[in-house]
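As a plain string of letters, each chain reads:
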Amino acid sequence: MKRISICIIALLLSCVAWGQKEYKTSLSGVNRVVLETNTTVDVEIGSSGELILRDGKKRDSGYSDGNEKEDERAKGLTALYAGGVDNTGFGMATERDGSTLRLKDLKPFTQRSRFTLILPKNIDLTLDCGNLGSANIANFTAELEIETNVGHIKLMDVTGPITANTSTGAIDVTFTSVNQSAPISISSSTGTIDVSLPTNTKADVEMRTSMGTVYSNFDLVPEREDGLKIVGANRKIKGQLNGGGVDIRLISSVGNIYLRKK
Amino acid sequence: MKCNEVENKIIPFLEGDLDTQQEIAMKEHLASCEQCQRQVAETQQMLEVFNEVEDAVPSDRVRGNFIEFLEEEKSLQRYTIGRKETKEFPWKMAFQIAASVLILIAGYAWGSFQKGSENDAQIAELRLEATQLKQDMMLAMLDNRSVSKRIQAVNYTEDIAAPDEEVLEALIDRLHFDGNVNVRLAAVEALSRYSENEKVKDAFIKSLTNETNPNIQIAVIQFLVDVQEKRALAPMQKLLEHTETPNFVKDRANEGIITLM
């Protein structure tokens, strides 16, 4: 019996050792995490009060799609990065700034293709995915600020407040409900913006696209009293949902905008 | 029948008012009692004297006087009654009541008017304070580290009818220096409403030279073309020459240049 348990523990330890890298830190006193990276980030909600970073994406069998392999030659040596000092063992520099925890990815995109960030529910997140990274976030109820350049932004079952901006990526957002405390602002230069809102959402919606088209199954353009159709002036669509509420602004220059009832 | 009883019934006896039984008893007693006989005789004598006296009748003069007097008294009575009637409707008191009611109403009206104007002044003051407060709050919120709050602050300026220089400068500051594209976009939108302001125009021209985000570039070009700002031609030309400018922005700049020229 003793032998078996020792074997199991050894097995587990070895799993952790050659398995995925992980970094954990307590978030007591922290209410905002700022993460700068160049790769794709999957953000998940964790049950513990800690911030956890894990290599790769969660698959059915643990975390896979691992990145850089262990380097035998590097044993006993420390990795040096131009961007800062790796004080996490995860190739990231971390710094506490008041109630804000800053994380800066020191590894280039070529060495880390994606990782997972696990956060407690009530921590605001500022995420900059650099040039090539994308952001996938689910079930987040705190404030979100996402920025990418080429990568997409996918926010599933969130509540806002949300600020999302990308140059060429697409933005997909699905709301479970809409937080009325602060505005929601989503902009993309050339990508499409696709937002799903609960039917009973109270909001002041403004949608603007220079070259794209706005599609929606919400009644946003009131019929004119004389029965004439409104000819899109300035290509700005503005309207209230369910009597108005929080500001929701969707702006795209080239891409289409889709506003759906969920 | 005894003497004292007889005494009480002498007058009814003499006038024949007694019943027969009493009369018999009376006669029996009178036959035996001299004293009572004498008394009956005396009473009869007195009654006879009474009957002899004639009823006094007032003379015509007295009668006339009386009627005259009565008439006089009657007319006097009517006059007094009339006077009493006029007295019963108290004009003076009515005037007093009316006056006091009038004063009351006037006082109320004056009071409410005074209070009204006072309230109006207070409301105006409160409004001003609220605007000031909102402005201060907005200025403070513009430095909030939360992007969403900063956007909210920029949006608040829509509620400020005539923002002062401080607010405009804060907004221009956001337009130039905010790290977040969405805040800069909100600032462009907020500032676009002050198309008459020279400072705002200058800020947009400067932004056109520095800004790299296509969304903002397009919004800025739109504004400058709308206000017919010829000074925007040079930076637009530069945008066209710049290799990093996306083609769809170049298209916009081209359109703008044609419109302005």
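Owing to the predicted nature of the structure, the values given are computational and were not obtained by experimental measurement.

Novice: Just give me the short version of the overall build of chain A, but keep the residues and values in it.
Specialist: Scanning chain A from terminus to terminus reveals one helix and 22 strands. Taking all contacts inside chain A whose residues are at least 6 apart in sequence as the whole, residues at least 24 apart take part in 56%. Accessible surface, chain A: about 13400 Å² in total, of which carbon and sulfur atoms supply 52%.

Novice: Provide a residue-level description of the overall build of chain B, including the pertinent values.
Specialist: A count of helical and extended segments in chain B gives 13 helices and zero strands. Counted from the first residue to the last, chain B has its helices and strands arranged as α-α-α-α-α-α-α-α-α-α-α-α-α. Out of the 261 residues belonging to chain B, those deemed buried represent 34%. Once local pairs closer than 6 in sequence are excluded, the contacts in chain B between residues at least 24 apart make up 58%. On chain B, roughly 17700 Å² of surface is accessible, and the fraction owed to carbon and sulfur atoms is 56%.

Novice: Go over the interface of chain B and chain A, please, and point to the residues and values.
Specialist: Across the contact, 23 residues belong to chain B and 32 residues belong to chain A. Of the roughly 2200 Å² buried between chain B and chain A, counting both surfaces, carbon and sulfur atoms make up 40%. Counting every contact that joins chain B to chain A gives two salt bridges. Among the ionic pairs, Arg208 of chain A bridges to Glu189 of chain B, the shortest N-O distance being 2.3 Å.

Novice: Can you break down the packing of aromatic side chains residue by residue, with the values?
Specialist: Residues and elements named next belong to chain B. All told, the structure shown has four aromatic pairs over all chains when counted by the stated rule. Aromatic pair Trp91 and Phe95: ring centres 6.3 Å apart, planes at 35°, arrangement tilted. Taken together, the residues Trp91 and Phe95, both in helix 6 (residues 91–141) and four residues apart, mark about one turn of the helix. Trp91 sits in the exposed class, given a relative accessible area of 55%. Aromatic pair Phe204 and Phe223: ring centres 4.1 Å apart, planes at 20°, arrangement stacked.

Novice: Kindly report on unusual backbone geometry, identifying the contributing residues and their values.
Specialist: All names here are of chain A. Along the chain, Gly160 connects to Pro161 via a cis peptide bond; the corresponding omega equals -5°. Phi at Asn139 takes a positive value of approximately 60°, unusual for a residue other than glycine. Topologically, Asn139 is positioned in the loop between strand 11 (135–138) and strand 12 (144–148).

Novice: Could you give an account of the packing of helix 8 (residues 165–177) of chain B against helix 9 (residues 181–191) of chain B, with specific residues and numbers?
Specialist: All names here are of chain B. In the contact formed by helix 8 and helix 9, the axes pass within 8 Å of each other and the chain directions differ by 140°. One way to sum up the angle between helix 8 and helix 9 is to call them oblique. Both helix 8 and helix 9 take part in a crossing whose hand is left-handed. Contacts from Leu168, Leu171, Ile172, Arg174 and Leu175 of helix 8 reach helix 9 at Val183, Arg184, Ala187, Val188, Ala190 and Leu191. Along the lines of polarity and charge, the residues of the contact of helix 8 with helix 9 split into nine nonpolar, no polar and two charged.

Novice: If you had to explain the pairing of strand 7 (residues 92–97) of chain A to someone new, which residues and values would you point to?
Specialist: Where strand 7 of chain A meets strand 8 (residues 100–105) of chain A, six bridges bridge the pair, whose relative direction is antiparallel. Directly across from Glu95 of chain A, in strand 8 of chain A, lies its bridge partner Arg102 of chain A.

Novice: Lay out a nonpolar patch on the surface in plain terms, naming residues and giving numbers.
Specialist: Nonpolar side chains collect at one region of the surface, where Met93, Ile97, Val101 and Ile105 of chain B lie side by side and expose about 380 Å² of accessible area between them. For Ile97 of chain B, the location among the structural elements is in helix 6.

Novice: An account of the side chain of Thr88 of chain A is requested, with residue identities and associated values reported.
Specialist: Residues and elements named next belong to chain A. Looking at the element boundaries, Thr88 is found in the loop between strand 6 (63–64) and strand 7. For Thr88, a relative accessible area of 12% corresponds to the buried category. Of the polar contacts made by the side chain of Thr88, one reaches the side chain of Asp86; its length is 3.1 Å. Within the structure, the side chain of Thr88 is placed 2.9 Å from the backbone oxygen of Met92, a separation counted as a polar contact. Discounting chain neighbours no more than four positions away, the residues touching Thr88 are Tyr23 and Thr94.

Novice: Can you explain the sheet that holds strand 4 (residues 50–55) of chain A? Please cite residues and give values.
Specialist: All names here are of chain A. One open sheet accounts for 10 strands, arranged 1-4-9-3-11-13-15-17-22-19; its pairing is mixed. The open sheet terminates on both sides in strands that have one partner only, identified here as strand 1 (22–26) and strand 19 (214–216). Going from strand to strand, the sheet's axes swing by 10° on average, the running direction of each strand aside. The sheet contact formed by strand 3 (residues 40–45) and strand 11 spans three bridges and is parallel. Of the residues in strand 11, the one forming a bridge with Val43 is Ile137.

Novice: Provide a residue-level description of the pattern of salt bridges, including the pertinent values.
Specialist: Per the stated rule, a full pass over the model turns up 24 salt bridges over all chains. As a salt-bridge pair, Arg249 of chain A and Glu206 of chain A come within 3.7 Å of each other at their nearest N and O atoms. With Arg249 of chain A in strand 21 (residues 246–252) and Glu206 of chain A in strand 18 (residues 203–209), this pair connects stretches of sequence that are 43 residues apart. A residue is classified by how much of its surface remains accessible, and Arg249 of chain A, at 8% relative accessible area, is buried. Residue Glu206 of chain A is classed as buried on the basis of its relative accessible area, which comes to 5%. The partner of Glu189 of chain B in a salt bridge is Arg249 of chain A, and the shortest N-O contact between them spans 4.0 Å. Note that Glu189 of chain B is positioned in helix 9 and Arg249 of chain A in strand 21, a pairing that runs across two chains. It is possible to trace a salt-bridge network through shared partners that takes in Glu198, Lys201, Asp202, Glu229 and Arg231 of chain B.

Novice: Report on the pairing of strand 14 (residues 162–166) of chain A, specifying residues and quantitative values.
Specialist: Residue and element names in this part refer to chain A. Extensive coverage of strand 14 is indicated by the burial of five of its five residues. Burial along strand 14 is two-sided: Ile162, Ala164 and Thr166 and Thr163 and Asn165, pointing in opposite directions, are all buried. Inspection of the sheet shows strand 12 paired to strand 14 by five bridges, in the parallel sense. Directly across from Leu144, in strand 14, lies its bridge partner Ile162. Relative to strand 16 (residues 184–188), strand 14 is paired through four bridges, and the arrangement is parallel. Paired with Asn165 across the bridge in strand 16 is Ser187.

Conventions used here
Residues numbered from 1 in each chain as written. Chains lettered and ligands numbered in written order. Predicted model: local features only at pLDDT ≥ 70, side-chain atom pairs only at ≥ 80, totals over all residues. Heavy atoms only, no water. Helix = DSSP H or I, 4+ residues; strand = E, 2+ residues; numbered from the N terminus. Contact = heavy atoms within 4.5 Å. Areas by Shrake-Rupley, 256 points an atom, 1.4 Å probe, with all protein chains shown as cover. Buried < 20%, exposed > 50% of the residue type's maximum accessible area, 1.4 Å probe, protein only. Buried area = accessible area lost by both parts, 1.4 Å probe. Salt bridge = Lys/Arg side-chain N within 4 Å of Asp/Glu carboxyl O. Phe/Tyr/Trp six-rings, centres within 6.5 Å; stacked < 30°, edge-to-face > 60°. Axes fitted to C-alpha atoms, helices over the stretch in contact; angles between N-to-C directions. Parallel < 35°, antiparallel > 145°, perpendicular 65-115°, else oblique. Left-handed = near helix turned anticlockwise from the far one by under 90°. Nonpolar A, V, L, I, M, F, W, Y, C, P; charged D, E, K, R; others polar. Pairing = 2+ DSSP bridges. Patch = residues over 30% accessible without salt bridge, like charges linked within 9 Å, V, L, I, M, F, W, Y side chains within 5 Å. Polar contact = N/O pair within 3.5 Å; in protein donor to acceptor, adjacent residues only side chain to side chain.

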